[in-house]
Amino acid sequence: MNYSDIYGAEPGEVIRPATTEEVRAAVAHAWGAGGGVLPWGGGTGQDYGYPPRRADYLLDLSGLNRVVAHEVDDLTITVQPGVTFADLQNTLAARNQYLPLDPPQPERATIGGALATNAFGPSRIGHGTARDWLIGLSVVDAQGRVIRGGGKVVKNVTGYDLPKLHIGALGTLGVIVEATFKVAPKPEAHRTVLVRRGAASGSVGAFVRQALEETAPAKAYLHSGESGSFAIFGFAGPVEVVEDAVGRVRAAADRHLAGQPGLTLNVFEEDLEHEAPDAPLALRFACPPADAFAQHEATCAGVGDAGAAQVETLLGVGVTSVFWPAADAGAQEVADALRHLAREQGRSCAVLRAPLAFRARPEVDLWSPLPPSFPLMERMKATLDPDGVLNPGRFVGRL
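Note that the structure is predicted; figures quoted are calculated from it, not measured.

Rules behind the numbers
- Residues numbered from 1 in each chain as written.
- Predicted model: local features only at pLDDT ≥ 70, side-chain atom pairs only at ≥ 80, totals over all residues.
- Heavy atoms only, no water.
- Helix = DSSP H or I, 4+ residues; strand = E, 2+ residues; numbered from the N terminus.
- Rg over C-alpha atoms; globule rule 2.2 N^0.38 Å.
- Buried < 20%, exposed > 50% of the residue type's maximum accessible area, 1.4 Å probe, protein only.
- Areas by Shrake-Rupley, 256 points an atom, 1.4 Å probe, with all protein chains shown as cover.
- Lys, Arg positive; Asp, Glu negative; His and termini not counted.
- Charge placed at Lys NZ, Arg CZ, Asp CG, Glu CD.
- Salt bridge = Lys/Arg side-chain N within 4 Å of Asp/Glu carboxyl O.
- Contact = heavy atoms within 4.5 Å.
- Core = buried A, V, L, I, M, F, W, Y, C linked by side-chain atoms within 4.5 Å.
- Phe/Tyr/Trp six-rings, centres within 6.5 Å; stacked < 30°, edge-to-face > 60°.
- Lys NZ or Arg CZ within 6 Å of the ring centre and 35° of its normal.
- Polar contact = N/O pair within 3.5 Å; in protein donor to acceptor, adjacent residues only side chain to side chain.
- Pairing = 2+ DSSP bridges.
- Axes fitted to C-alpha atoms, helices over the stretch in contact; angles between N-to-C directions.

Peer 1: Mind showing me how you'd approach the overall build of the protein here?
Peer 2: Along the protein, the regular secondary structure elements total 12 helices and 19 strands. Over its C-alpha trace the protein gives a radius of gyration of 22 Å, about what one expects of a compact globule, namely 21 Å for 399 residues. A buried classification covers 52% of the 399 residues belonging to the protein. As displayed, the protein offers around 17,300 Å² of accessible surface, 52% of which is attributable to carbon and sulfur atoms. Of the side chains in the protein, 35 bear a positive and 45 a negative charge, and the two mean positions are spaced by 5 Å.

Following this line, the structure appears as structure tokens:
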């Protein structure tokens, strides 16, 4: 593995612990030596964030890949950070359960990495994010101490919800070594409605609004790319409920989209798996949920025909992502233009993936603007990792 393509330098040492104690010892050693620690899971999120200030020790957590406990009757599961999402779901499926989260690349994405990056997919509208399902967490802090928060049952009485601090913190506050989730029974039925959109964008917007107002989808998103433009709705639950929802989407389509050239509506009696592209360059924009359709259309116009990019917008949450299949100079130029436009319009933009040279430019803000909570984030980093041991310089504001 050539880590320098991601970090800009090869780690001084690669450590592959097999137990929590070995993680603790490795971090304690790095802290004592004044070194920086780079946690590594499945590698799917390593080009998210700035290049680290130091790359002394790479901590490969893929060996911590055990299901610690599956309490079937209590609807909870406890796993180590190296377990992939696909393996977790397979374990739960054997007992007719699942974790209603859908991070990208589930075959490679590990629990630890998905929590550290707060990875999510189209099911966010119906099921939320990891914050809504995580109930307990164990981490190794920057000095090599094991810290536990939350618990292993759904009903916990706690003070500050310390486990939630580590979700989306990019491993800068602690190294995740164990996580406990509440899980859910698998739904009785699934339906996916796939609408190939016509050309009249205004009427599509009205269709989307009515469909969201009259149903409660588990997934809802817009997709535009070389294969066309689509609105996708996924429903899960009792048969009668999902059939009623499909009927309401059909009625909304008949009202707003009937007669549009190229329009098709198909219903599948399954949950069509969302496949986020493994793109070397990707951006994410946020806006008020009510403006999501307009943002999607404006982003598609900004992307144009350059680089065969795909644009996806998660409905109900106002998140638009752009994925380029190649990170060539043309794609990077368009990405920069979209970033600058978002800044001018007061919208937030995050660089999800980019080549090292793009992320290393001193003028590039990978998170723009800084979130209002940034002063609190600075204080938390100074309190929990004052020596800058964990992923030094990789996070928001180069924390």
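Peer 1: Sorry if this is basic, but what is going on with the environment of E214 here?
Peer 2: Residue placement: E214 occurs in helix α7 (residues 201–214). Separated by 35 residues in sequence, E214 and V249 have C-alpha atoms that sit 8.2 Å apart.

Peer 1: Can you walk me through the pattern of salt bridges in this structure?
Peer 2: Close approach of charged atoms lets side chains of opposite charge pair. Enumeration according to the criterion identifies 13 salt bridges in this entry. One salt bridge in this structure joins R145 and D141, with 2.8 Å as the shortest N-O distance. Look at R145 and you get partly exposed, because its relative accessible area is 45%. R191 is the salt-bridge partner of E243, the closest N and O atoms lying 2.8 Å from each other.

Peer 1: What is the right way to look at the environment of F120 in this model?
Peer 2: Tracing the sequence through the fold places F120 in the loop between α4 (111–117) and α5 (124–127). The buried category is assigned to F120, whose relative accessible area is 10%. Each C-alpha atom, one on F120 and one on D102, is 5.7 Å from the other, the two residues being 18 residues apart in sequence. Aside from chain neighbours lying at most four places away, what touches F120 is D102, P103, P104, T129, R284, L314 and V319.

Peer 1: Looking at this model, I keep getting lost on the nonpolar core. Mind explaining?
Peer 2: In summary, soluble globular proteins display a tendency toward joint burial of nonpolar side chains. Counting 33 residues, the largest nonpolar core has L283, F285, V322, W324, L338, W367 and F395 as the members making the most contacts within it. The set of elements that each furnish at least two residues to this core consists of β15 (281–286), β17 (319–324), α10 (329–344), β18 (348–353) and α12 (374–384). At five residues, the largest contribution of residues to this core is made by α10. Sequence-distant contacts of W367, that is, excluding residues within four places in its chain, are made with Y48, G49, Y50, L170, C349, A350, R394, F395 and V396. Within the second largest apolar cluster, 23 residues are counted, among which are V83, L88, W133 and V183.

Peer 1: What is the right way to read unusual backbone geometry from this model?
Peer 2: Glycine aside, residues mostly have negative phi angles, and peptide bonds mostly take the trans form. Residue P369 follows S368 across a cis peptide bond; omega there is -10°. Along the polypeptide, P369 turns up in the loop between β19 (367–368) and α12. The residue Q105 is not glycine, and still its phi comes out positive at about 50°. Take Q105: it is sitting in the loop between β6 (97–98) and α4. A relative accessible area of 18% places Q105 in the buried class.

Peer 1: Sorry if this is basic, but what is going on with the packing of aromatic side chains here?
Peer 2: The geometry of two aromatic rings is summed up by the distance between their centres and the angle between their planes. The full count for this structure, using the stated rule, is six aromatic pairs. Between the aromatic rings of Y50 and W367, the centroid separation amounts to 5.9 Å while the plane-to-plane angle is 55°, which identifies the pairing as tilted. Here the residue Y50 occupies a position in the loop between β2 (37–40) and β3 (57–60), and W367 occupies one in strand β19, the gap between them amounting to 317 residues. When sorted by exposure, Y50 lands in the same class as W367, which is buried. When the ring of W367 is compared with that of F395, the centres are 5.5 Å apart and the planes differ by 80°; the resulting orientation is edge-to-face. On the criterion of sequence distance, the pair formed by W367 in strand β19 and F395 in the segment after α12 is long-range, its members being 28 residues apart. Pair check on accessibility: W367 and F395 agree, each one buried. Above the face of the W133 ring, K182 is positioned so that its terminal group lies 5.5 Å from the ring centre. Residue placement shows R361 over the ring face of F358; its charged tip is 4.4 Å from the ring centre.

Peer 1: Where do I start with the side chain of T180 in this structure?
Peer 2: Relative to the elements of secondary structure, T180 occurs in strand β9 (residues 175–182). Classification of T180 by relative accessible area gives buried; the value is 3%. Within the structure, the side chain of T180 is placed 2.8 Å from the side chain of T78, a separation counted as a polar contact.

Peer 1: For this particular structure, what's the right way to read the sheet that holds strand β11 (residues 189–196)?
Peer 2: Strand pairing in a sheet relies on backbone hydrogen bonds. The paired strands run either parallel or antiparallel. Reading across from one edge, β14-β11-β13-β12-β16-β17-β15-β18-β19 is the order of the nine strands in this open sheet, with antiparallel pairing throughout. The sheet is open, and its two borders are formed by β14 (264–268) and β19, each paired with just one other strand. The sheet contact formed by β11 and strand β13 (residues 228–237) spans eight bridges and is antiparallel. By the bridge assignment, A189 is partnered in β13 with G237. On top of the sheet, helix α9 (residues 292–303) reaches β12 (219–225), β15, β16 (310–314) and β17; it is set at about 170° to β16, its chief contact.

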